[in-house]
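Residue strings, one per chain:
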Amino acid sequence: MKYPLCILVLLAGLQWCYSQEELQNKVEDSRYKEDQFYAGITYNLLVDMPDGLAQSGFSSGFHFGFTKDMPINKKRNVAIGIGLGYSANSFNQNMLVNKDNTGNFVYSLIDDNEISYSKNKFSTHLVEIPLEFRWRTSTASEYKFWRIYTGIKLGYVFSHTNKFNGELGDLKFNDNSDFNDFQYGLTFSAGYNTWNFYVYYALNPIFSKDAKLNDNTIEMKAVKIGLMFYIL
């Protein structure tokens, strides 16, 4: 009787340990989420440009922030994400921004054959709120996984600059009210582990209706394509 009793006690102990581990795993699984810091770099494109306007050089964007993850299914691999971030963007192109004699901003195209210049760009700095629908293959214990995140990003332009260096002198303006203060667009991110393809497509123009080139409203929008890195 002594050996069977010992075996029963051992089995009971193993069962208790397994139950405790299973309970702990369930607790961990019930709390699992993908709160993440993100950082990205993009190549910035302009679309819907007026006739004659063209980009030049490399236009870049830098983005980083934090996203709060809110799972919506039992497996916790589908979630809603909401975050807060910062974005800095530059756009090199041939549209000159200057002021007339009354102090109003005027827009014109630079003719490379008539005016030489080394720099002509505008830049923006934004506070952003990303809203995402998130799907991934991760678990509470698996940190390398496939992901697809898609949604909308809302941005407030808190700083902007127009800069020109060339034959006309050095021009720099930080008070151009023709920029749209609010920017918003669709986002898509997909990839494995840390490396992810990222694209942002703006839904509204960079400039307001007050900005006109050759008496036409400047309707151009931003498209940002690059890499996004996610860090737990």
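Note that the structure is predicted; figures quoted are calculated from it, not measured.

Student: Give a detailed account of empty space enclosed by the protein, specifying residues and quantitative values.
Tutor: The tally for this structure, following the rule as stated, stands at 3 cavities of 30 Å³ or more. Reported here for the largest cavity is a volume of approximately 90 Å³. What lines the largest cavity is Asn89, Phe91, Thr124, Leu126, Val157, Phe179, Asn180, Gln183, Tyr200, Ile206, Ala222 and Lys224. Counting residues per element, the ones that place at least two in the lining of the largest cavity are strand 3 (78-92), strand 6 (117-136) and strand 13 (221-231). By volume, the second largest cavity amounts to about 80 Å³. If you go around the second largest cavity, the residues you meet are Tyr38, Thr67, Pro130, Glu132, Tyr149, Lys153, Thr187, Phe188, Ser189, Tyr198, Met228 and Tyr230. For the lining of the second largest cavity, the secondary structure elements donating two or more residues are strand 6, strand 7 (146-166), strand 9 (182-192) and strand 13. It is strand 9 that provides the largest number of residues to the lining of the second largest cavity, a total of 3 residues. Each residue belonging to the lining of the second largest cavity can be placed in one class, and the counts come to 7 nonpolar, 3 polar and 2 charged.

Student: Got a sec to walk through unusual backbone geometry? Specific residues and values, please.
Tutor: Positioned with a positive phi, Asn214 is a non-glycine residue whose angle comes to about 55°. Looking at the secondary structure, you find Asn214 in the loop between strand 11 (212-213) and strand 12 (216-217). Although it is not a glycine, Asp215 sits at a positive phi angle of roughly 70°. Mapped onto the secondary structure, Asp215 falls in the loop between strand 11 and strand 12. We classify Asp215 as exposed; its relative accessible area is 71%.

Cut-offs and rules
Residues numbered from 1 in each chain as written. Predicted model: local features only at pLDDT ≥ 70, side-chain atom pairs only at ≥ 80, totals over all residues. Heavy atoms only, no water. 1 Å grid on protein atoms, 1.4 Å probe; cavity = no way out; pocket = protein on both sides within 12 Å on 5 of 7 lines; lining within 4 Å. Points joined across faces, edges and corners; volume = space filled by probe spheres on them. Helix = DSSP H or I, 4+ residues; strand = E, 2+ residues; numbered from the N terminus. Nonpolar A, V, L, I, M, F, W, Y, C, P; charged D, E, K, R; others polar. Buried < 20%, exposed > 50% of the residue type's maximum accessible area, 1.4 Å probe, protein only.

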